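What the coordinates show
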Amino acid sequence: MIRTARPFAFGAGILALAATLSAAPAHADGSFLQVDLSPTAADAVGTVARGRLNYGLSFNDYDGGSQAGASLTYAFPLGDIATLKLGPALAVTRDDDDGYEGLRGGGKIILDRYTPTSFGAVYLLGEAGTIDNSWFALVQTSFGNSGVSAELSRGGSDTYDEATFAVNKRVGDGDVSLRAGWRFIAEEAFVGLSINTF
């Protein structure tokens, strides 16, 4: 059965993401944190890149339970085409009725590409994981120095299915952006924020 998400108290998930994002910065490295909330959905995702290593964390709360995940991938640049990232992943799921289902292991593969353009930039991301047969695809376009970007995403797994459209607006000249968008399958709006130091 496809699970729908519900609002949650971020608690341990956000603390874990914040701890990961506080790692010492390195040249050409970066961190990313994104939190989205809607009437039936609450999602947080974070990643930290240090050299070729990429550390990822996620937390999702949905109707009936929640899931926390972590991954460690190693980047393989594919010339000017894209960057391939491969590595292990872990996830723990909690069911509101049955409690924790236990820690599960698997693998993750990510392919992404950032392309500067005459109007700004285009970012493409695709990823797949063996835990719950998860997959995700994103197309994001940024518009010059305006601090505005727009994105379309589609994702799914054995327990999840969603497609979204979002508009992001950077706050001042900093790393924080405010987000708003629409979940097509859940048919609801969402708001959020992101912090991007890449």
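Refer to the preceding data block for the structure.
Residues numbered from 1 in each chain as written. Predicted model: local features only at pLDDT ≥ 70, side-chain atom pairs only at ≥ 80, totals over all residues. Heavy atoms only, no water.

1. A few points about the pairing of strand β6 (residues 99-116)
Where strand β5 (residues 82-95) lies against β6, 12 bridges are found, and the strand directions are antiparallel. Residue pairing for β6: Lys85 is matched across the bridge by Ile110. With 9 bridges joining them, β6 and strand β7 (residues 120-129) adopt antiparallel strand pairing. Following the sheet pairing, Thr115 is matched in β7 by Val122. (Pairing = 2+ DSSP bridges. Helix = DSSP H or I, 4+ residues; strand = E, 2+ residues; numbered from the N terminus.)

2. Notes on the packing of aromatic side chains
Per the stated rule, a full pass over the model turns up 2 aromatic pairs. Between Tyr74 and Phe76, the aromatic rings sit 5.2 Å apart at their centres with planes inclined by 70°, giving edge-to-face as the arrangement. On the numbers, 6.4 Å between centres and 35° between planes, the contact of Phe119 with Phe143 is tilted. Residue Phe119 is located in the loop between β6 and β7, and its partner Phe143 is located in strand β8 (residues 135-143); the two are separated by 24 residues in the primary sequence. Of the residues examined, Phe143 reaches a relative accessible area of 38% and is grouped as partly exposed. Over the face of the ring belonging to Phe190 we find Arg183, whose NZ or CZ atom lies 4.9 Å from the ring centre. (Phe/Tyr/Trp six-rings, centres within 6.5 Å; stacked < 30°, edge-to-face > 60°. Buried < 20%, exposed > 50% of the residue type's maximum accessible area, 1.4 Å probe, protein only. Lys NZ or Arg CZ within 6 Å of the ring centre and 35° of its normal.)

3. Focus on a nonpolar patch on the surface
Together, Leu53, Tyr55, Leu72, Tyr74, Phe76, Leu78, Ile81, Leu86, Ile109 and Leu111 give the surface a local cluster of nonpolar side chains, amounting to about 820 Å² of exposed area. Within the residue set of the nonpolar patch, elements represented by two or more residues are β3 (53-62), β4 (65-78) and β6. For the nonpolar patch, the element with the most residues is β4, which contributes 4 residues. (Patch = residues over 30% accessible without salt bridge, like charges linked within 9 Å, V, L, I, M, F, W, Y side chains within 5 Å. Areas by Shrake-Rupley, 256 points an atom, 1.4 Å probe, with all protein chains shown as cover. Salt bridge = Lys/Arg side-chain N within 4 Å of Asp/Glu carboxyl O.)

4. A few points about the environment of Arg94
Position of Arg94 relative to the elements: it lies in strand β5. Each C-alpha atom of the pair Arg94 and Ser66 lies 5.3 Å from the other, and the pair is 28 residues apart in sequence.

5. As for the environment of Phe143
The spacing of Phe143 and Ala121 is 22 residues in sequence and 6.9 Å in space, taken between C-alpha atoms. Excluding its chain neighbours within four sequence positions, the residues that come into contact with Phe143 are Phe119, Gly120, Val148, Ser149 and Ala150. (Contact = heavy atoms within 4.5 Å.)

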